[in-house]
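# A closer look at the structure
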Amino acid sequence: MEKAQQAIMGHGSDKINDLAQETKEMTSSARLTTDYGVKQTSADDWLKVVSQDKQGPMLLEDPLGRERIHRFDHERIPERVVHARGSGAFGTFTLFESAEDVTCAPVLTDTSRKTPIFIRFSTVLGSRGSADTVRDVRGFAVKFYTQEGNWDIVANNIPVFFIQDAIKFPDVIHAGKPEPHNEVPQAQTAHNNFWDFQFNHTEATHMFMWAMSDRGIPRSYRMMQGFGVNTFTLLNAKGERHFVKFVWTPELGVHSLVWDEALKLAGEDPDFHRKDLWEAIENGVYPKWKFGIQVIPEADEHKFDFDILDATKIWPEDLIPVRYIGQLELNRNPDEFFTQVEQIAFCTSHIVPGIGFSNDPLLQGRNFSYFDTQLSRLGVNWQELPINRPVCPVMNFNRDGAMRHTITKGTVNYWPNRFEACPPASEAEGGYAEYAEKIIGIKARARSAKFKEHFNQAQLFWNSMSPIEKNHIINALSFELDHCEDPVVYTRMVKRLADIDLGLAQTVANMVGGEAPTEATRPNHGRKAPNLSMSDFPPAKPSIASRRVAILVADGYDAVAFNAVYAALTAALAVPLIIGTRRNKIIAADGTTHITPHHHLEGFRSVMVDALFIPGGEKSVKTLSQSGRAVHWVREAFGHLKTIGATGEAVAFVEKAVGLDGQIQVSSGDDLLESFGVVTLRATKPDSFGEFKEIVKGAAGFVPKFFELIAAHRCFAREEAGLHSQVAF
Ligand code: HEM
């Protein structure tokens, strides 16, 4: 009942209210019926001809039995041909600043509006049941249910694409998906065919650098940027046209997993991103993104050394700054996965008046592809499905087809008709008017000259990375090419890297085999651009909200330290997770206080949290130090650059577990010490934890220091000093 009410009142958008008409509640007062509405007396036994021992053959006559099996047999629909694995949520788009100078679309000019949205996140290559944390591009598709009709930005978390022309899409996807002879590997680019294609198809070079960067293994969907990738156009009331790219940036900053963590999560918690999104929304920590536009006046189309219609190129922000004008917020989880997340269908061709296409040849092909694929995935009437239907009236002469819902009254189904029923709208009435673009040309399979340059921006991207990000790209390429068994593939690919940077090519060649190039095939131009490195996006307000923090305990733990940290984490809207030696009650050192852990050491693993705290307590710490699994928790968290906090007797435990012979400093008394993301305080008093108010730099007290480090996401100084790689985990 509460949920039904929430569905109506909840984040009360037009779309939620629309869906409420279609939403049913399963309650104890409801009774089991067939699909045709007849109440059923049994859910357990098929109708049979029975003898006295109640055994006997089943009767085909039983409509309930047959209906149950029929319906089950046909439950699956084809999964998406790409982006099959995903999850999503409802939310709101709020406009802060009118963009009426460039567009007349009310969704981008009317600041009093709140537009309902649904966002679906996805990986690209894996099938529907594959793991969330694989290295891949992430889909970031947004449906705006505007008053003028649905507007879809079918975006990714990477601003460029592998191909310039849609005709190549089947090739790039075939090359990345499991190989055709043995259907291996699942949801991976680390195989011969993917890298064979990357070598042979040089326009993909810029994109594969992004995919090999940390952007390919996000910590959370909530910590990724979104990019519309393709070039669209905006039309203002004066009839002027601008080229536009859409981009949005998360409030929480842009953060990634580390590779070993991503690999392990794929096995230990394959639903990691799906659960993360769900948990944050359930806890009221709503993910938010600043929504922006990059705009180029029509007259400036040819002013750049790249073609602004080429989807393998970014528009560098020092040349074309992002103008942030609004906010996307997710604030409501779906009620049912299938009817909402699986059945939602996006189309790049869905635009509203004030927004138009460009001659971007990737976009033009996408405009055909999405609509077409929805026909085979969902059927011709897919736009009538509750999640897909607009919140404004739909009225036309499209008719019939499988699963048609709408009942349209009247005697005519064509235009023009003698009743003047349902005429086209005038522009003044909000009718979509195409921009009158002058086109004179010859019919040819051709691309503009600037499309043929494939390496400048790959270099720009590489040059703009921080040293740590560069290391991670080298490691990613070294991993991927190590999985290519065919020497032709990896020896050619390392040569290709010399088109980007000689040092990069030499280091990777050394790791994966193949002749290390001795000179750059193409000198590095040395240019950089802002906002390509993930480190360019620190959150405006540091926060640990929604961060998962494990607290490791055994019998005899220090309840004062535990309570102080647990309460502070809760106050900071983080998610404290008590990890015990067992899930049954754990008794504190005082012999009376106790807690019930959320998980036990074997059931949960350090990869599922952002940070670790171990309170003192002689007996508890002794038990933990004798547990190989507990030691592994500490080492793995250290190896994955996570903040580790320890107090009392746990300080010595952490020092020993990490075992770096004094390379990290720990507290020896009442001195609070932070060393490479390890915060320790050996001698604690009830007031030594410090009070949590807000996260500030250089705060005093154990808790504020611990939180400051967690808010920084990971301790990269540990990696820079080469400490994490000395620890076995
Ligand atoms: C700029 C490059 C591209 C981006 C950013 C992109 C993004 C996406 C996203 C986010 C989805 C998942 C939608 C969802 O969540 O349901 C998707 C699905 C899909 N994309 Fe793309 N894509 C790109 C290029 C292409 C091209 C060039 C084609 C074909 C010519 C294509 C065909 C498809 C198809 C068929 C689906 C499955 C749609 C469904 O079944 O619902 N994409 N794409």
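Predicted model, so just to flag it, every value in this text is computed and none were measured. (Residues numbered from 1 in each chain as written. Predicted model: local features only at pLDDT ≥ 70, side-chain atom pairs only at ≥ 80, totals over all residues. Heavy atoms only, no water.)

## Looking at the overall build of the chain
Within the chain, the secondary structure is distributed over 20 helices and 19 strands. A globule of 729 residues ought to have a C-alpha radius of gyration of about 27 Å, and the chain, at 29 Å, matches this closely. Projected onto its principal axes, the C-alpha coordinates of the chain cover approximately 90 × 85 × 55 Å. Considering the chain as a whole, with its 729 residues, one finds that 53% of them fall into the buried category. (Helix = DSSP H or I, 4+ residues; strand = E, 2+ residues; numbered from the N terminus. Rg over C-alpha atoms; globule rule 2.2 N^0.38 Å. Buried < 20%, exposed > 50% of the residue type's maximum accessible area, 1.4 Å probe, protein only.)

## Some thoughts on a nonpolar patch on the surface
On the surface, F371, L375 and V380 cluster together into a nonpolar patch covering about 240 Å² of accessible area. With respect to the element layout, F371 can be found in helix α10 (residues 361-378). Of the residues examined, F371 reaches a relative accessible area of 33% and is grouped as partly exposed. (Patch = residues over 30% accessible without salt bridge, like charges linked within 9 Å, V, L, I, M, F, W, Y side chains within 5 Å. Areas by Shrake-Rupley, 256 points an atom, 1.4 Å probe, with all protein chains shown as cover. Salt bridge = Lys/Arg side-chain N within 4 Å of Asp/Glu carboxyl O.)

## Some points on the site of the ligand
Around the ligand, 24 residues are found, and the nearest of them are R80, R120, R366, Y370 and R377. Note that a nitrogen atom of the ligand is positioned 2.6 Å from one of the side-chain N or O atoms of Y370. Where the shell around the ligand is concerned, the elements lending two or more residues are β3 (138-146), β4 (149-156) and α10. Its residues placed into classes, the shell around the ligand shows 13 nonpolar, 7 polar and 4 charged. (Near = heavy atom within 4 Å. Polar contact = N/O pair within 3.5 Å; in protein donor to acceptor, adjacent residues only side chain to side chain. Nonpolar A, V, L, I, M, F, W, Y, C, P; charged D, E, K, R; others polar.)

## So, the coordination of the iron atom of the ligand
No protein donor other than Y370 (OH) coordinates the iron atom of the ligand, and that contact is at 1.9 Å. Within the secondary structure, Y370 sits in helix α10. (Donors = N, O, S within 2.8 Å, 3.2 Å for Na, K, Ca; no water.)

## Side note on the pairing of strand β16 (residues 611-614)
Because side chains alternate across β16, one face comprises the buried residues A611 and F613, and the other comprises L612 and I614, equally buried. In terms of strand pairing, strand β11 (residues 548-553) meets β16 through 3 bridges, oriented parallel. Its bridge partner being in β16, I551 is matched across the sheet by F613. Pairing of β16 with strand β17 (residues 643-647), which is carried by 4 bridges, proceeds in the parallel orientation. Paired with F613 across the two strands is G645, which belongs to β17. (Pairing = 2+ DSSP bridges.)

## So, the packing of helix α11 (residues 456-464) against helix α12 (residues 467-482)
α12 packs onto α11 with a crossing angle of 125° between their chain directions and a minimal axis gap of 8 Å. The angle between the axes of α11 and α12 places the two elements in the oblique class. Residues F461, W462 and N463 of α11 pack against K470, I473 and I474 of α12. Residue composition of the contact of α11 with α12, by class: 4 nonpolar, 1 polar and 1 charged. (Axes fitted to C-alpha atoms, helices over the stretch in contact; angles between N-to-C directions. Parallel < 35°, antiparallel > 145°, perpendicular 65-115°, else oblique. Contact = heavy atoms within 4.5 Å.)

## Some points on the pattern of salt bridges
Using the criterion set out here, one finds 42 salt bridges in the structure. The residue D18 makes a salt bridge to R389 at a minimum N-O spacing of 3.1 Å. Note that D18 is positioned in helix α2 (residues 14-20) and R389 in the loop between α10 and α11, a separation of 371 residues in sequence. With a relative accessible area of 13%, D18 lands in the buried category. We note a salt bridge from R629 to E602, for which the minimum N-O separation is 3.1 Å.

## What to know about the UniProt feature "active site" (unreviewed entry) in the chain
In the numbering used here, UniProt assigns the "active site" (unreviewed entry) feature to H83 and N156. Taken together, the annotated residues stretch across 74 residues yet fold into one region, lying no more than 10.5 Å apart by C-alpha. Within the secondary structure, H83 sits in the loop between α3 (63-73) and β1 (86-95). Residue class for H83 comes out buried when judged on its relative accessible area of 18%. Ignoring sequence-local partners within four residues, the contact set of H83 consists of R120, S122, T123, V124, G139 and N156. Within the element layout of this structure, N156 appears in strand β4. On the basis of relative accessible area, N156 is assigned to the buried category, the value being 8%. Apart from the residues lying within four places of it in its own chain, the contact partners of N156 are H83, V137, R138, G139, F140, F161, Q225, G226, F227 and V229. (UniProt positions renumbered as here; feature names shortened; annotations may be inferred.)

## Side note on the UniProt feature "domain: Catalase core" (unreviewed entry) in the chain
Under the local residue numbering, the UniProt record ascribes the feature "domain: Catalase core" (unreviewed entry) to residues 33-423. Annotated as residues 33-423, this span is 21% helix and 19% strand, and its ends, taken at the C-alpha atoms, are 43 Å apart.

## Some points on the side chain of R241
Tracing the backbone shows R241 in strand β7 (residues 241-250). Side chain to side chain, R241 and E298 meet in a polar contact 3.1 Å long. Each residue touching R241, except ones within four places of it in the same chain, is listed here: T233, L234, L235, P297, E298, F357, Y435 and E437.

## Some remarks on helix α6 (residues 205-212)
Within α6, 8 of the 8 residues are buried, which leaves the element mostly enclosed by the surrounding structure. Listed as buried for α6 are T205, H206, M207, F208, M209, W210, A211 and M212. In this fold, the buried residues of α6 make contact with α5 (192-200), α11, α12, α13 (487-497) and α14 (502-512).

## Things to note about the nonpolar core
Of all hydrophobic cores here, the largest spans 56 residues; its most connected members are F162 and W195. Looking at this core, the elements that each hand over two or more residues are α4 (169-176), α5, α6, α11, α12, α13 and α14. At 6 residues, the largest contribution of residues to this core is made by α6. Counting 41 residues, the second largest nonpolar core, distinct from the first, contains L257, A262, V575 and F653. (Core = buried A, V, L, I, M, F, W, Y, C linked by side-chain atoms within 4.5 Å.)

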